[in-house]
Amino acid sequence: MSTLAPLRLLREPSNASEGNHSNATVGAGGGWCQGLDIPNELFLALGLVSLVENLLVVAAVLKNRNLHSPTYYFICCLAVSDMLVSISNLAEMLFMLLLEHGVLVMRPSIVRHMDSVIDTLICSSVVSSLSFLGVIAVDRYITIFYALRYHSIMTLQRAVVTMASVWLASTVSSTVLITYYRSNTILLCLIGFFLFMLVLMLVLYIHMFALARHHLHSISSQQKPPTAHRGGSLKGAVTLTILLGVFFICWGPFFFHLILIVTCPTNPFCACFFSYFNLFLILIICNSVIDPLIYAFRSQELRRTLREVVTCSW
């Protein structure tokens, strides 16, 4: 069973031998610790669906001039990150299948080099996805609490610098991760980054929803309709909260997997959790499938443009 390259490296602790892992798995709970045998076809199907969906999102943003704003540029970058997950998944699957069936013959050194390239691509998309979710949350926070100053705070130049910085940092960090992936220090840094971004977004969303509830209470007491700008901003906060929830559900098990690798690599119950690694991979790919659906159904402008793109009304 072939899996995503960099995540395969983290399937189980490096200091746990195959025999110890098997014994721990059996002792931890019998049948339910045997893991899941997920076919390659499911990985390929989800990868193709995600690739098509995110391509449509990128095309919609590029097509509609009304979507040429920092917020939608950040969303577009998130879609590109999801596309990279799909492309690297499809490339790794195709690469593995060609090697297994003898269609592609390469020297071991070239195979390792190709594997490292795919590793870096997937890890970079993982870090950039989480980073752009944080960037989008901060952007929405500025839109709501500093609406009158938004265009002077989030200028196009600053947006471009932010996007370039995220991609550069993601590439560098993924290269370091692939090089030193067996180091617990690297895993702790990755876990810490995930927790930091999660706490940051939770704090921002709690503040935004506190404002939303206060705003709705004021409307009900004054019997006045909400302004279009504020209503759109609060709707955006709801959208991003859904995105955050989906991201946490899809990525949470994998990062919990990393925490267990660091804290209890030889514990039988942790070894049982490790056996469901393929399920965590499916959840990761599902994240890139779900994100475009949320954009399409939550944004009327983007939904309309997607319809035009699908019907080739360019």
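Residues numbered from 1 in each chain as written. Predicted model: local features only at pLDDT ≥ 70, side-chain atom pairs only at ≥ 80, totals over all residues. Heavy atoms only, no water.

- Naming follows an unreviewed UniProt entry, where the chain appears as Melanocyte-stimulating hormone receptor of Coereba flaveola.
- Among the UniProt annotations of the chain, the heading Function (unreviewed entry) holds the following wording: "Receptor for MSH (alpha, beta and gamma) and ACTH. The activity of this receptor is mediated by G proteins which activate adenylate cyclase."
- Annotation of the chain in UniProt includes, under Sequence similarities (unreviewed entry), the sentence "Belongs to the G-protein coupled receptor 1 family." (UniProt positions renumbered as here; feature names shortened; annotations may be inferred.)

1. Focus on the overall build of the chain
Here is step 1: Counting its secondary structure elements, the chain contains twelve helices and zero strands.
Here is step 2: In sequence order, the chain lays out its α and β elements as α-α-α-α-α-α-α-α-α-α-α-α.
Here is step 3: The buried share of the chain, taken over its 314 residues, is 48%.
Here is step 4: Long-range pairs, those at least 24 residues apart, make up 84% of the contacts in the chain between residues at least 6 apart in sequence.
Here is step 5: Total accessible area on the chain stands at roughly 15600 Å², and carbon and sulfur atoms take up 68% of it. (Helix = DSSP H or I, 4+ residues; strand = E, 2+ residues; numbered from the N terminus. Buried < 20%, exposed > 50% of the residue type's maximum accessible area, 1.4 Å probe, protein only. Contact = heavy atoms within 4.5 Å. Areas by Shrake-Rupley, 256 points an atom, 1.4 Å probe, with all protein chains shown as cover.)

2. Notes on the packing of aromatic side chains
Here is step 1: Applying the stated criterion across every chain, the model contains nine aromatic pairs.
Here is step 2: What links up through ring pairs into an aromatic cluster is the set Phe194, Trp251, Phe254, Phe255 and Phe277. (Phe/Tyr/Trp six-rings, centres within 6.5 Å; stacked < 30°, edge-to-face > 60°.)

3. With respect to the packing of helix α3 (residues 40-63) against helix α12 (residues 300-310)
Here is step 1: Relative to each other, α3 and α12 sit at 105°, their axes nearing to 9 Å. In terms of their interaxial angle, α3 and α12 are classed as roughly perpendicular. Here Leu56, Val57, Ala59, Ala60, Val61 and Lys63 of α3 come into contact with α12, specifically with Leu302, Thr305, Leu306, Glu308, Val309 and Val310.
Here is step 2: Per-class residue counts for the contact of α3 with α12 are nine nonpolar, one polar and two charged. (Axes fitted to C-alpha atoms, helices over the stretch in contact; angles between N-to-C directions. Parallel < 35°, antiparallel > 145°, perpendicular 65-115°, else oblique. Nonpolar A, V, L, I, M, F, W, Y, C, P; charged D, E, K, R; others polar.)

4. With respect to the nonpolar core
Here is step 1: By size, the foremost hydrophobic cluster in this structure holds 73 residues, and its most contacted members are Met201, Trp251, Phe254 and Leu258.
Here is step 2: Per-element tally for this core: the top contributor is helix α5 (residues 108-145), with 13 residues. (Core = buried A, V, L, I, M, F, W, Y, C linked by side-chain atoms within 4.5 Å.)

5. Some thoughts on the UniProt feature "transmembrane region" (unreviewed entry) in the chain
Here is step 1: Within this numbering scheme, the UniProt entry marks residues 42-62, 74-97, 117-138, 159-179, 185-212, 233-261 and 273-297 as carrying the feature "transmembrane region" (unreviewed entry).
Here is step 2: Between the C-alpha atoms that bound residues 74-97 the distance is 35 Å, and the span itself is 100% helix and 0% strand.
Here is step 3: End-to-end, the C-alpha atoms of residues 159-179 are 30 Å apart, and along that stretch the chain is 100% helix and 0% strand.

6. Remarks on the environment of Leu195
Here is step 1: Looking at the secondary structure, you find Leu195 in helix α8 (residues 184-222).
Here is step 2: Its relative accessible area of 42% is what places Leu195 among the partly exposed residues.

7. Considerations on a nonpolar patch on the surface
Here is step 1: Together, Leu168, Val172, Val176 and Tyr180 give the surface a local cluster of nonpolar side chains, amounting to about 390 Å² of exposed area.
Here is step 2: Within the secondary structure, Val172 sits in helix α7 (residues 156-179). (Patch = residues over 30% accessible without salt bridge, like charges linked within 9 Å, V, L, I, M, F, W, Y side chains within 5 Å. Salt bridge = Lys/Arg side-chain N within 4 Å of Asp/Glu carboxyl O.)

8. Observations regarding the pattern of salt bridges
Here is step 1: All chains considered together, the criterion is met by three salt bridges.
Here is step 2: The shortest N-O distance in the salt bridge between Lys63 and Glu308 comes to 2.7 Å. Placement of Lys63 in helix α3 and of Glu308 in helix α12 is noted, with a sequence separation of 245 residues between them.
Here is step 3: A residue is classified by how much of its surface remains accessible, and Glu308, at 22% relative accessible area, is partly exposed.
Here is step 4: Ionic pairing is found between Arg304 and Glu308, a salt bridge with its closest N-O pair at 2.7 Å. Highlighted residues: Arg304 and Glu308, both in helix α12, separated by four residues, approximately one helical turn.
Here is step 5: On the accessibility criterion, Arg304 (34% relative accessible area) is partly exposed.

9. Focus on the side chain of Ser124
Here is step 1: With respect to the secondary-structure elements, Ser124 resides in helix α5.
Here is step 2: Ignoring sequence-local partners within four residues, the contact set of Ser124 consists of Ser170, Thr171 and Ser174.

10. Examining the packing of helix α4 (residues 70-100) against α7
Here is step 1: Packing of α4 against α7 leaves a shortest axis separation of 10 Å and a crossing angle of 20°. With respect to α7, the axis of α4 lies roughly parallel. Helix-helix and strand crossings are classified by hand; for α4 and α7 the assignment is right-handed. Contacts between α4 and α7 pair Pro70, Tyr73, Phe74, Cys77, Val80, Ser81 and Leu84 from the former with Leu156, Ala159, Thr162, Met163 and Trp167 from the latter. (Left-handed = near helix turned anticlockwise from the far one by under 90°.)

11. Considering α4
Here is step 1: Compared with the 45 Å implied by 1.5 Å per residue over 31 residues, the 45 Å span of α4 between its first and last C-alpha is a close match.
Here is step 2: Just downstream of α4, Gly102 is the residue with a positive phi angle, here 75°. (Expected span 1.5 Å × (residues − 1).)

12. Quick look at the environment of Val172
Here is step 1: Residue Val172 is classed as partly exposed on the basis of its relative accessible area, which comes to 47%.
Here is step 2: Placed 52 residues apart in sequence, Val172 and Thr120 show a C-alpha to C-alpha distance of 9.1 Å.

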